[in-house]
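# Reading the structure
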Amino acid sequence: MKKTIFLIISIIIVTLFIGSTYAAINLEKKLYKDTILSTNKIKQDYSNGEIMAKKISDIFKKYRYTRNVVAVQNLQNIVRAKIIVLNKKSVLTRNDRRLLNLYNNIYYRTVLLLDYQW
């Protein structure tokens with residue numbers, strides 16, 4: 001009797017672990033996809049979009065190598081606040097949409113850096 005209860009509990013725990021791992025992997029894939037899409041949108045929206053995307057990428061490479069968690073968290077907090085302000089607007093101008101995409105790109109990169117790459 002004890003063995004069957006232990007077996008059932010083990011199966012439930014393994015199932016929950018696999019389910020949470022699957023959800024985490026899907027979230028990470030979604031973040032990478034959103035980062036790539038917003039990077040391509042930056043390249044299209046701005047006349048110097050290629051240069052901007054390269055600079056953002058270089059900044060995050062530097063953060064990844066220096067492992068400056070405090071700076072990345074501060075950047076994430078600042079960008080999150082700006083995203084909230086833009087999302088509260090009922091109508092976004094073209095410039096607001098560009099800024100929102102730029103902020104989203106930086107936010108996605110900070111989440112990936114803090115949660116998945118260290």
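Above this note sits the structure.
The sections below set out a description of the structure shown in this document. Every value quoted in this text rests on a predicted model; they were computed, and no experiment measured them.

### Concerning a nonpolar patch on the surface
There is a patch of nonpolar side chains on the surface, built from Met-1, Ile-5, Ile-9 and Ile-13 and spanning about 450 Å² of accessible area. Residue position: Met-1 is located in the segment before helix H1 (2–45).

### Some details on the environment of Asp-96
When you line up the elements, Asp-96 lands in helix H4 (residues 94–115). Taking the C-alpha atoms as reference points, Asp-96 and Leu-86, separated by 10 residues in sequence, lie 7.1 Å from one another. Every residue in contact with Asp-96, bar those within four places of it in the chain, is listed here: Leu-86 and Lys-89.

### Things to note about helix H2 (residues 49–66)
Compared with the 26 Å implied by 1.5 Å per residue over 18 residues, the 26 Å span of H2 between its first and last C-alpha is a close match. The complete set of buried residues in H2 reads Gly-49, Met-52, Ala-53, Ile-56, Ser-57, Phe-60 and Tyr-63. Take H2 and look down its axis: the buried residues cluster within an arc of 130°, on one side only. Those residues of H2 that are exposed and angled more than 90 degrees off the buried face are Glu-50, Ile-51, Lys-55, Tyr-65 and Thr-66. Arg-67 occupies a position one or two residues after H2 and carries a positive phi of about 55°.

Criteria and cut-off values
Residues numbered from 1 in each chain as written. Predicted model: local features only at pLDDT ≥ 70, side-chain atom pairs only at ≥ 80, totals over all residues. Heavy atoms only, no water. Patch = residues over 30% accessible without salt bridge, like charges linked within 9 Å, V, L, I, M, F, W, Y side chains within 5 Å. Areas by Shrake-Rupley, 256 points an atom, 1.4 Å probe, with all protein chains shown as cover. Salt bridge = Lys/Arg side-chain N within 4 Å of Asp/Glu carboxyl O. Helix = DSSP H or I, 4+ residues; strand = E, 2+ residues; numbered from the N terminus. Contact = heavy atoms within 4.5 Å. Expected span 1.5 Å × (residues − 1). Buried < 20%, exposed > 50% of the residue type's maximum accessible area, 1.4 Å probe, protein only. Arc of directions from axis to C-beta.

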